[in-house]
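# Survey of secondary and tertiary structure
One letter stands for each residue in the lines below.
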Amino acid sequence: MKIPYADIVKYIPEIPSIDAISEKLFQLGHEHEVEKSIFNIEFTPNRGDCLSLIGILRDLALFYEIKKDFPIFPDKLEKLNLNFIDNTDNTCTFITFLKIDIDDKILDYKDCLKSYYEQTDNLKNNFFTDISNYISYETGQPTHCYDAKAVGGKISLDLEKGKHNFQTLLDENVELFGSNLVFKKDNEIINLAGIMGGKSTSCSENTRSVLIECASFNPEAIVGNAIKYNLKSDAAHKFERGVDPCCHDFVLRRFLKLVHDHANVKNVQIFTKGNSAYKQTNIKYDIDKISKIIGIKPSEELFSKSLTKLGFKIDKKLIHVPSYRNDIKTLNDIAEEIARAIGYDSIKSIPISIHSNSNQSKNLNQNFLRDYLISKGFFEVINNPFVDYCNEYSIEIDNPLDIKSGYLRTNLQQSLIKNLLYNERRQKDSIKIFEISDIYQIRNNEVFNEKVLALIVSGRVGKNYLDFSKIVDNDYINDLFKDILPIENIKVKNILREDLDTKLKNKIYYCEIPMNDINIENDLVLKNENKEFLKIKYVPISEFPSSNRDLSFSVKNKSKFKDLENFILSYKHDFIKEVFVFDFFDNKKNNEIKIGFRFIFQSGTSTLTDIEINNVMKVIIEKSITIDGVSVPGYEV
Amino acid sequence: MSSSTKANLPKIIHEKGAYHPINQMRDLIIDLLIDLGFEEIDGPEIETEEFNFDMLNIKKSHPARQMHDTFYVNSKSNVLRTHTSPVQIRGMLKNNPPFGLISGGKVYRKDDDATHLPMFHQVEGIYVDKDVNFANLKYLIHKIVYSLFGDGVKLRFRPSYFPFTEPSAEVDILSNEGKWLEILGCGIVNPIVLENCKIDSTKYSGFAFGLGVERIAMLLNGVNDIREFYKSNLDFLKQFK
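Residues numbered from 1 in each chain as written. Chains lettered and ligands numbered in written order. Predicted model: local features only at pLDDT ≥ 70, side-chain atom pairs only at ≥ 80, totals over all residues.

For the rest of this paragraph, the subject is the overall build of chain A. In terms of helices and strands, chain A carries 18 helices and 30 strands. Relative to the compact-globule value of 26 Å for 637 residues, chain A shows a C-alpha radius of gyration of 37 Å, a clear excess of over 25%. Viewed in the frame of its principal axes, chain A has a C-alpha envelope of about 120 × 60 × 60 Å. Looking at chain A as a whole, 34% of its 637 residues are labelled buried. A separation threshold of at least 6 residues defines the contact pool for chain A, and within that pool the share at least 24 residues apart is 69%. (Helix = DSSP H or I, 4+ residues; strand = E, 2+ residues; numbered from the N terminus. Rg over C-alpha atoms; globule rule 2.2 N^0.38 Å. Buried ≥ 20, exposed ≤ 12 C-beta atoms within 10 Å, placed from the backbone. Contact = placed C-beta atoms within 7 Å.)

This paragraph deals with the sheet that holds strand β2 (residues 46-47) of chain B. Residues and elements named next belong to chain B. Strands sit in the order β2-β4-β3 across an open sheet of 3 strands; the sheet is antiparallel. At either end of the open sheet lies a strand with only one pairing partner, and these are β2 and β3 (72-73). In terms of strand pairing, β2 meets strand β4 (residues 78-80) through 2 bridges, oriented antiparallel. Along β4, the bridge assignment pairs I46 with L80. (Pairing = 2+ DSSP bridges.)

We now examine helix α9 (residues 234-241) of chain A. All names here are of chain A. Of all 8 residues that make up α9, 6 are buried, and the element is covered over most of its length. Every buried residue of α9 is accounted for by A235, A236, K238, F239, E240 and R241. On its buried face, α9 sits against β14 (209-217), α7 (219-222) and α8 (225-228). Phi for G242, located one or two positions after α9, is positive at around 95°.

Facing the 98 residues of chain A at the interface are 86 residues of chain B. When residues of the side of chain A that touches chain B are assigned to their parent elements, the largest contribution, 6 residues, is made by helix α13 (residues 331-342) of chain A. Residue composition of the side of chain A that touches chain B, grouped by class: 47 nonpolar, 27 polar and 24 charged. (Nonpolar A, V, L, I, M, F, W, Y, C, P; charged D, E, K, R; others polar.)

Residues and elements named next belong to chain A. Looking at chain direction, strand β5 (residues 83-86) and strand β8 (residues 154-161) are connected through 4 bridges and run parallel. Residue pairing in the sheet places I85 in a bridge with S156 of β8. In this sheet, strand β11 (residues 179-185) lies alongside β8 in antiparallel orientation, the contact comprising 6 bridges. Note that in β11 the partner of E160 across the bridge is N180.

Residue and element names in this part refer to chain A. In space, the 4 strands of this open sheet follow the order β28-β29-β27-β30, with antiparallel pairing throughout. With partners counted over all chains shown, the strands left at the sheet margins are β28 (576-587) and β30 (630-631), one partner each. As paired elements, strand β27 (residues 547-555) and strand β29 (residues 592-601) share 9 bridges and run antiparallel to each other. Within β29, the residue paired with L551 across the bridge is F597. Relative to β27, helix α18 (residues 610-624) is tilted by about 15°, and along the sheet it contacts β27, β28, β29 and β30. (Axes fitted to C-alpha atoms, helices over the stretch in contact; angles between N-to-C directions.)

Once that is clear, we can look at the packing of helix α2 (residues 21-35) of chain B against helix α7 (residues 213-221) of chain B. All names here are of chain B. Look at α2 against α7: their axes get within 9 Å of each other, and the N-to-C directions meet at 100°. Taken as axis vectors, α2 and α7 run roughly perpendicular relative to one another. For the pair α2 and α7, the contacting residues are P21, I22, M25, R26 and I29 in the first and V213, E214, I216, A217 and N221 in the second. Tallied by class, the residues present in the contact of α2 with α7 amount to 7 nonpolar, 1 polar and 2 charged. (Parallel < 35°, antiparallel > 145°, perpendicular 65-115°, else oblique.)

A few words on the domain arrangement of chain A. The assigned domain composition of chain A is domain 1 (2-60), domain 2 (78-274), domain 3 (282-345), domain 4 (364-524) and domain 5 (547-631). Summarising the inter-unit geometry, the C-alpha centres of domain 1 of chain A and domain 4 of chain A are found 53 Å apart. (Domains from an automatic or database assignment.)

On to unusual backbone geometry, then. With omega at 5°, the peptide bond leading from P97 of chain B into P98 of chain B counts as cis. Checked against the element boundaries, P98 of chain B lands in the loop between α4 (85-94) and β5 (99-108). A cis geometry characterises the amide bond from E166 of chain B onward to P167 of chain B, with omega recorded as 0°. Among the secondary structure elements, P167 of chain B is positioned in strand β8 (residues 165-174). Not every positive phi belongs to a glycine, and N230 of chain A is a case in point at roughly 55°.

Glancing now at the pairing of β5 of chain B. All names here are of chain B. Counting buried positions over the 10 residues of β5 gives 9, a clear majority of the element. In this sheet, β5 lies alongside strand β1 (residues 39-40) in parallel orientation, the contact comprising 2 bridges. In the strand pairing of β5, E39 is matched with L101. Here β5 runs beside strand β6 (residues 119-129); their pairing, made up of 10 bridges, is antiparallel. Looking at the pairing, S103 lines up with E124 of β6.

With 15 residues, α2 of chain B should cover 21 Å at 1.5 Å per step; its first-to-last C-alpha distance of 21 Å lies within 8% of that length. With 11 of its 15 residues buried, α2 of chain B lies for the most part within the structure. If you follow the buried residues of α2 of chain B, they end up packed against β19 (379-380) of chain A together with β1, β5, β6, β10 (205-212) and α7 of chain B. The positive-phi residue at the C-terminal boundary of α2 of chain B is G37 of chain B, with phi of around 115°. (Expected span 1.5 Å × (residues − 1).)

Pasting the structure below:
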């Protein structure tokens, strides 16, 4: 909600600075930003009472004296003869209608109405709607203005079911469905109650006779409907959070005062209906209990002064909660009020020691398997469980994000294939990944979830020269698990590439094992100490393609072989992402070593050209061959 | 093989893989809390509305229960848990105070953009005993925050709202750039929740707290886009060895 600083300080004689108010708003729990001297405040959903200028002033009264200068129309109001029927079951606790007739002439906006439409980005609409919008901003109570001539003298509140077309006052056509709280004139829906009025009875610049509806709806009757129809509604936002059921008289008299300030009022009448009497919340006055909740004992004076400033009334045994604070129900709520008054940061910590039955992680098998696979070059992945395919045991999402996410996965295979293909497209030729996650099934209308380990492999076994030419296969996975799992638990699948969106030929192997089938000996379990992880700073990944270059050297002075290896492996250049030995042959007969290095080039800012790569390679070669006995077969200086 | 022969062989590097950074962060937070005395418990990701909402004092009218915020499954008979709090409800029903329980895992909300995902991870804790108060909660939160972000970090407590805690707070830390960054939510367990779990709220009180694992990892590891965690990009994962 946007509230200009100027509007707030107008009612605080002390005139605190923007920073001072900002600090107090944070102390109160009202998160906000300040842009061009306007507070943009995000109130928590329990504080519907703060969604107005008066609401925020009521909270700031904890720290500042507030000048309550909101003049109202003081005179007695005549009774309106309106045929209003509430056909619903307690969806609206109180409702008031005010009918105002004015002369033709309307003055230019002045005072608060003028500044409201000048200071903020609120758009003018028509006289009565403009006042209604301002009143909602000032008091927090939404009102709806009907053109009284278009409504006539009969109106009803109904819980309408089924499909209906409804045209909003903003000219949007909405197809209503399900159950909706609506106002009707005869059989016509004229207002989506608490959300948005209809076109047929809306006010215009020509309206001179207005019927203002001021209601206190049950939040459950309103919640979710504005989003359901994609309607942006400040009224719905307020009704969903609860409004003050006792404010109607003040709000409508304030409305009438603003009308009086800008036009000649010819006639005014009021109609009120309440389904049940308002019951004030009263809470037992128990300062000791409050102290136990917060951890410090507030003085009697601080306690009573704070609550009084916030509008609570205290007698010896009871705290009487003001009607606008529908969030206050228990002594814990009162404790929060006191803690806000003290300031959370002013409450000193008190040490506590926690004792429990076990101080060991529950997932020992899981942790061991993760450690083991990672030591074997596997990367752990996490996928979300939403998939677009199903089988007879699949669980369907009733409200999926999109059509590709309609079911929960019953295995991890498709997720890991997707991960594998993603990395193959990024030129990875040795892929070993695993995931430990829950899978979900429904059988006989009962939901089951089961934790499984799944892994997928394809391409080279590794990057060192012993593994570079070996390709992973069925035996690779069996060997991987042979020492830690019974062989009968390991079922390896060859995933056929024909069905996948890929032109590569390397075979893909997949294996999925229920975690319940895995029982690791406890003495194998090691706790993973990962404190260093906190220090890792992520470097954004290049989205440009990488290029490989292989370079083979002949080393005739074997004592210099390590010099070459150290030089190449430690060579740094911005374009070189990785380098490793992929081939090695010690030809004892010729007393010569042949060694091959693979360089992987990638830039963070562009696609590298052959010339750029060759220039780097040239420098590496020329420096390498200065080492005694080192040459690159076929390379001429 | 003699050492002179070894000297003429290249180093054989068996490249290690990497833990997923979110699981690393989750493990780290859980280990930290276990060291502080908590016991780890587990619970299902597919929950009933009763455990996910009702028992936690989240009323039928609460926006979080709407179809646009929560994933419903199996003809609305279940939900994908929207937080790990229902695990604590299950823990409270099984244990008699005093107890300190933590749970960590995946949770689901109907969001999908650069800062929100339909699946993310939380770690939550609860401690119930006689005379547990907000000042005790502050002590524990300081310990957790200092362990994660360093002893020098400046933090503040702001009043907030969660239906299952009262008073409730959110905790911010001050970044090097001078911005306050929200890192966790906490509060005194609402007596209604204790009573729902058959714990006498006139005798016992408790505190609870919850951290978003992705949020902490993003802040500590400098990842700006939450979606990076779930692309399964080996170049990304490799950085968290």
